[in-house]
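Below, each chain spelled out in residue letters.
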Amino acid sequence: MAFAIEEINRDPALLPNITLGYRLYDNCVNLAVALRVATALISGEEDSFTDYSCTGTPPVLAIVGDPGSTHSIAISRMLGLFRIPMVSYYATCSCLSNRKEFPSFFRTIPSDAFQVKAMVQILRHYGWTWVGVIASDDDYGQSAVKSFIEEVNKFGCIAFSETLPSVNPRMRIHQIINTIKQSTARVIVVFSTEAYFIPLAEEIDQQKVIERQWIASEAWTTSTIIVKEENFHSFGGTIGIAIRRGEIPGLEKFLLQVRPLFHSSNNLVKQFWEEMFDCTFQQTSNNYNFSSQMRNKICTASENIKDIQSAYSDVSELRASYNVYKAVYALAHSLHNLMSCEPGKGPFQNNSCADITTVQPWQLLHYLARVNFTTHYGDRVSFDENGDALAIYDVMNWQRADDGSVKTVTIGLFDESAPAGQELSLNEDKIFWNFESNSPPRSVCSESCQPGTRKATRKGEPLCCFDCVPCAEGEISNHTDSIECFQCPSDCWSNPSRDMCVPKEIEFLTFREPLGISLTTISVSGGCISAAVLAVFIYYRNTPIVRANNSELSFLLLLSLILCFLCSLLFIGQPLHLTCMLRHVVFGISFVLCISCILVKTIVVIMAFRATLPDNNVMKWFGAAQQRGTVFVFTVIQALICIIWLSTAPPVPFKNTQYQNSKIIFECYIGSITGFRFLLGYIGLLASVCFVLAFLARNLPDNFNEAKFITFSMLIFCAVWIAFIPAYVSSPGKYSDAVEIFAILASSFGLLIAIFTPKCYIILLHPEKNTKKNLMGK
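Structural notes on the overall build of the protein
Working step 1: Across its full length, the protein carries 22 helices and 22 strands.
Working step 2: In terms of C-alpha radius of gyration, the protein reaches 53 Å, well past the compact-globule figure of 28 Å for 778 residues.
Working step 3: Along the first, second and third principal axes, the C-alpha atoms of the protein reach 170 × 70 × 40 Å.
Working step 4: Put simply, 66% of the contacts in the protein that link residues at least 6 apart link residues at least 24 apart.
Working step 5: Here the protein holds 61 positive side-chain charges and 69 negative ones, and the gap between their average locations is 18 Å.

Printed below as a string of structure tokens:
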């Protein structure tokens, strides 16, 4: 401060013909002393006064300081009543930005609100969401930690929050260290002045607490008391927020000019000199403590301070000092702007200007709020509407120097005025990590949930502590840390990893799969066998056994069996509009034609027996024409049922997504259940009548009784279709079509084998029995 004022007084361009004065007071790091000093400054030191009109220049126009937030809060409440400007160079509590409570407070150090933003940006950058926080028991620490917790809760969680004791009880220090050891948080943020933090830092070093990433507030990031070799084992790699470093040309030379002045009011310089050179001034040794008397060396005041390397003369890391420098220049520029006011264009009542000879603090306050200038180092100095300086910080890292000492290295910058998202810039290559992997640590309560899972919070634990639960079938999550799984569209299903919806597998009975190939082979084989039997019957159509079994109906029955076998092919393959309509129509008509032929054959057998009785001419009423007509009528009825069904609610291709979640069942929707029931019911009716008639005629006296074979064939037919109903209803997807095909093939083979195998056996293997005599033997 003294250097800055002397520099301003030498500058002819700034406050020409004006000399600035100053008074320096020590607050002794005590609130009561600080308040007493501030009161003395603004009221004057005289015991009495004679200017009862309260005119003239006040004792001081402004105060530079106090460095502490708690002191600044108390002093600024008092100064604000009189609108006396106060410019602090180290008080960072964000509460001081409240203009209603502190109308005359300014600072050249950024508010903690910006420091918190810088720290949060670092946490976000490295994905640290599980963080411990320690704060000093004062306004600086408690206000900062409150803002910090609010910001962290937006994206992460606080693992623990501890307050450093103000009177340093060892029990409380041990409790904090135990909390640090037990916590899974690997990143710990500390908002504290060095005085509060030193006891904890020493205990951490003694207990060898390692594998922690410390984030330091600006109050202790560059503290030479803490940044030392003994602490490096535990605190090496610390990342800290530091006040913007500046350069003050000529300051080092000014500092080295200090000399002891043997004056009763300047004992501080003598104490400093004795401490620096480990000596004692003989004239005043009786006034000092026992440690001073123990020194044997006598101070001569001619010692060369340039030969001593100390923090006093080190101007390479000017941070708080640079803020003092800017504070003094801000007041000087404000006075200069006040003095440069043009009459009639002033900011006060009636456009008046302030008089530099009788300037009042409230007038200086007006100009201070609007000051805007650039320092020699190139930094712009101005205040926002809350009296806060432009927020810009250096990001520091504790590293080992070549000589084994500990140094703080600038690894980045936080500039609040930068474009959004670019406020923090880090030089990753320059960062030292005090971990075996030499890489950033992981500090999360729970690892991120990968796509395909969702976060499930644990009861009674912070939101950052969660379990990763796999998404259910049909649901996906396609990004990390999803809080819920999303349902796939109806035509899609989740893949095995549950991170993507894929089109559902479309299932239908195809010709390429083993089941389809097997059924196709059996169907074609059945048709071929039926055709072969037909060929045999045509070839041997004039033999007694063929003629006796009504060759015309046998031919028609075999043709219908061929259709029955081949109609099952319509149930295989992708459903189309045409195949959906044809499959049940062809199936229904083919089987009605088949059953009609068998029914007529049964009737013919019964009538033929009746015709052998005396005076019975019933066969003349049921000749070949009547037989063909009966088959035709029965078939036409089924055809009419099919026509009505197709015209009202025909079967259509349908993609069923409800039956099976993971697949689309491509099937033929039958349209009208009533139509389908009538179709099957009519077949069942004819089969039942045929079975009853054949059963009644099974014991007719004949060597080769056709009724026996028909009874057996109808028994197979009915058994197959009765079993078909529950099997069809309970079979999923393509297997329902397979069940229906199986029923068609089984019943068709049952009819073919039961009716035609005995005849083919005689025709082909025992032709000697193929005679009328043999057939009429009984």
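Concerning the packing of aromatic side chains
Working step 1: One pass over the full model with this rule turns up 36 aromatic pairs.
Working step 2: On the basis of an interplanar angle of 85° and a centroid distance of 5.8 Å, the ring pair of Trp220 and Trp398 is categorised as edge-to-face. Placement of the pair is Trp220 in the loop between β7 (213-216) and α8 (232-235) and Trp398 in strand β11 (residues 392-400), with a sequence separation of 178 residues.
Working step 3: Given a relative accessible area of 0%, Trp220 falls into the buried group.
Working step 4: Overall, the relative accessible area of 0% leaves Trp398 in the buried class.
Working step 5: Measuring from ring centre to ring centre gives 6.1 Å for Phe508 and Phe666, while their planes differ by 80°; the resulting arrangement is edge-to-face. Taken together, the residues Phe508 in the loop between β20 (505-507) and α14 (514-539) and Phe666 in strand β22 (residues 663-669) connect sequence positions 158 residues apart. Just as Phe508 is buried, Phe666 falls in that class too.
Working step 6: One Lys or Arg, Lys655, reaches over the ring of Phe666 and ends 5.7 Å from the middle of that ring.

What to know about the pairing of β7
Working step 1: Of the two faces of β7, the one carrying Gln213 and Ile215 and the one carrying Trp214 and Ala216 are both buried.
Working step 2: Relative to β7, strand β6 (residues 187-191) is paired through four bridges, and the arrangement is parallel. Looking across to β7, one finds that Ile188 is bridged to Trp214.
Working step 3: Taking the sense of rotation as the criterion, the β-α-β connection linking β6, helix α7 (residues 194-206) and β7 turns out right-handed.

Topic: the sheet that holds β20
Working step 1: Here we have three strands laid out as an open sheet, ordered β20-β22-β21, and mixed in their pairing. Of all strands in the sheet, those bounded by a partner on one side alone are β20 and β21 (652-656). In this sheet, adjacent strand axes meet at a mean angle of 25° when their direction is disregarded.
Working step 2: In the sheet, β21 pairs with β22 via five bridges, with the strands oriented antiparallel. Along β22, the bridge assignment pairs Val652 with Tyr669.

Some remarks on the sheet that holds strand β4 (residues 130-136)
Strand pairs in the sheet, formed through backbone hydrogen bonds, run parallel or antiparallel to each other.
Working step 1: Across the sheet, eight strands lie side by side as β5-β4-β6-β7-β8-β11-β12-β13; this open sheet has mixed pairing. This sheet does not close on itself; its edge strands, each paired only once, are β5 (157-164) and β13 (424-426). The sheet shows a mean angle of 25° between the axes of neighbouring strands, taken without regard to direction.
Working step 2: Note: β11 against strand β12 (residues 406-415), nine bridges, orientation antiparallel. Each residue of the ladder has a partner; that of Arg400, found in β12, is Val406.
Working step 3: Relative to the sheet, helix α5 (residues 139-152) contacts β4, β5 and β6, its axis offset from that of β4 by approximately 165°.

Quick word on the packing of α14 against helix α16 (residues 551-567)
Working step 1: It is at 8 Å that the axes of α14 and α16 come closest, and there the two elements cross at 165°. With respect to each other, α14 and α16 are oriented roughly antiparallel. The interaxial crossing formed by α14 with α16 has left-handed handedness. Between α14 and α16, the residues in contact are Ser523, Gly526, Gly527, Ser530, Ala531, Val533, Leu534, Phe537 and Ile538 and Ser554, Phe555, Leu558, Leu559, Leu561, Ile562, Phe565 and Leu566, respectively.
Working step 2: Within the contact of α14 with α16, the residues separate by chemical class into 12 nonpolar, five polar and no charged.

Quick notes on α16
Working step 1: Between its first and last C-alpha, α16 extends 24 Å over 17 residues, near the 24 Å set by a 1.5 Å rise per residue.
Working step 2: Turning to α16, its buried residues are Leu553, Ser554, Phe555, Leu557, Leu558, Ser560, Leu561, Ile562, Cys564, Phe565 and Cys567.

With respect to the nonpolar core
Working step 1: Ranked by size, the top nonpolar core spans 66 residues in total, and within it Phe537, Phe587, Ile598, Met714, Phe717, Trp721 and Phe756 carry the most contacts.
Working step 2: Secondary structure elements with two or more residues in this core: α14, α15 (544-548), α16, α17 (577-611), α18 (624-648), α19 (673-696), α20 (706-730) and α21 (734-765).
Working step 3: In contact with Phe587, not counting residues within four places along its chain, are Cys567, Phe571, Leu582, Leu679, Leu680, Ile683, Trp721, Glu740 and Ile744.
Working step 4: If you look at the next biggest cluster of nonpolar residues, it comprises 37 residues, including Ile8, Leu251, Leu318 and Leu331.

A few points about the state of the cysteines
Working step 1: Evaluation of the coordinates by the stated rule reveals nine disulfides.
Working step 2: One disulfide in the model links Cys93 with Cys95; its S-S distance is 2.3 Å. Classification of the bridge connecting Cys93 and Cys95 rests on its S-S torsion, roughly 125°, and on that basis the disulfide is right-handed.
Working step 3: For Cys93, a relative accessible area of 0% translates into the label buried.
Working step 4: Summary of cysteine pairing: Cys492 is not part of a disulfide, and the nearest cysteine sulfur, belonging to Cys501, is at 6.0 Å.
Working step 5: Its relative accessible area of 15% is what places Cys492 among the buried residues.
Working step 6: For Cys594, which is in no disulfide, the shortest distance to another cysteine sulfur is to Cys564 and amounts to 4.9 Å.

Focus: a nonpolar patch on the surface
Working step 1: Together, Phe632, Val633, Val636, Ile637, Leu640 and Ile643 line one region of the surface with nonpolar side chains, adding up to about 530 Å² of accessible area.
Working step 2: Inspection of the secondary structure puts Ile637 in helix α18.

Description of the environment of Leu715
Working step 1: Its location among the elements puts Leu715 in helix α20.
Working step 2: When its relative accessible area of 45% is taken as the criterion, Leu715 is described as partly exposed.

Some words on the packing of helix α2 (residues 31-43) against helix α3 (residues 69-82)
Working step 1: Contact geometry for α2 and α3: axes closest at 10 Å, N-to-C directions at 30°. Here α3 runs roughly parallel to α2, going by the angle between their axes. For the crossing formed where α2 meets α3, the hand is right-handed. Note on element contacts: α3 touches α2 through Thr70, His71, Ala74, Ile75, Met78 and Leu79, opposite Leu31, Ala34, Leu35, Ala38, Thr39 and Ile42.
Working step 2: Split into classes, the residues belonging to the contact of α2 with α3 amount to nine nonpolar, three polar and no charged.

Description of α7
Working step 1: Its 13 residues give α7 an end-to-end C-alpha distance of 18 Å, which sits within 8% of 18 Å, the value for a rise of 1.5 Å per residue.
Working step 2: Within the span of α7, buried status applies to Phe197, Ile198, Pro199, Leu200, Ala201, Glu203, Ile204 and Asp205.
Working step 3: Residues of α7 that are buried in the fold lie against β4, β5, α6 (170-182), β6, β7 and α8.
Working step 4: In the segment just after α7, Lys208 is the residue with positive phi, at about 55°.

Each value, and the rule that gives it
Residues numbered from 1 in each chain as written. Predicted model: local features only at pLDDT ≥ 70, side-chain atom pairs only at ≥ 80, totals over all residues. Heavy atoms only, no water. Helix = DSSP H or I, 4+ residues; strand = E, 2+ residues; numbered from the N terminus. Rg over C-alpha atoms; globule rule 2.2 N^0.38 Å. Contact = heavy atoms within 4.5 Å. Lys, Arg positive; Asp, Glu negative; His and termini not counted. Charge placed at Lys NZ, Arg CZ, Asp CG, Glu CD. Phe/Tyr/Trp six-rings, centres within 6.5 Å; stacked < 30°, edge-to-face > 60°. Buried < 20%, exposed > 50% of the residue type's maximum accessible area, 1.4 Å probe, protein only. Lys NZ or Arg CZ within 6 Å of the ring centre and 35° of its normal. Pairing = 2+ DSSP bridges. Right-handed = clockwise from strand over helix to strand, strands pointing away. Axes fitted to C-alpha atoms, helices over the stretch in contact; angles between N-to-C directions. Parallel < 35°, antiparallel > 145°, perpendicular 65-115°, else oblique. Left-handed = near helix turned anticlockwise from the far one by under 90°. Nonpolar A, V, L, I, M, F, W, Y, C, P; charged D, E, K, R; others polar. Expected span 1.5 Å × (residues − 1). Core = buried A, V, L, I, M, F, W, Y, C linked by side-chain atoms within 4.5 Å. Disulfide = S-S within 2.5 Å. Patch = residues over 30% accessible without salt bridge, like charges linked within 9 Å, V, L, I, M, F, W, Y side chains within 5 Å. Areas by Shrake-Rupley, 256 points an atom, 1.4 Å probe, with all protein chains shown as cover. Salt bridge = Lys/Arg side-chain N within 4 Å of Asp/Glu carboxyl O.

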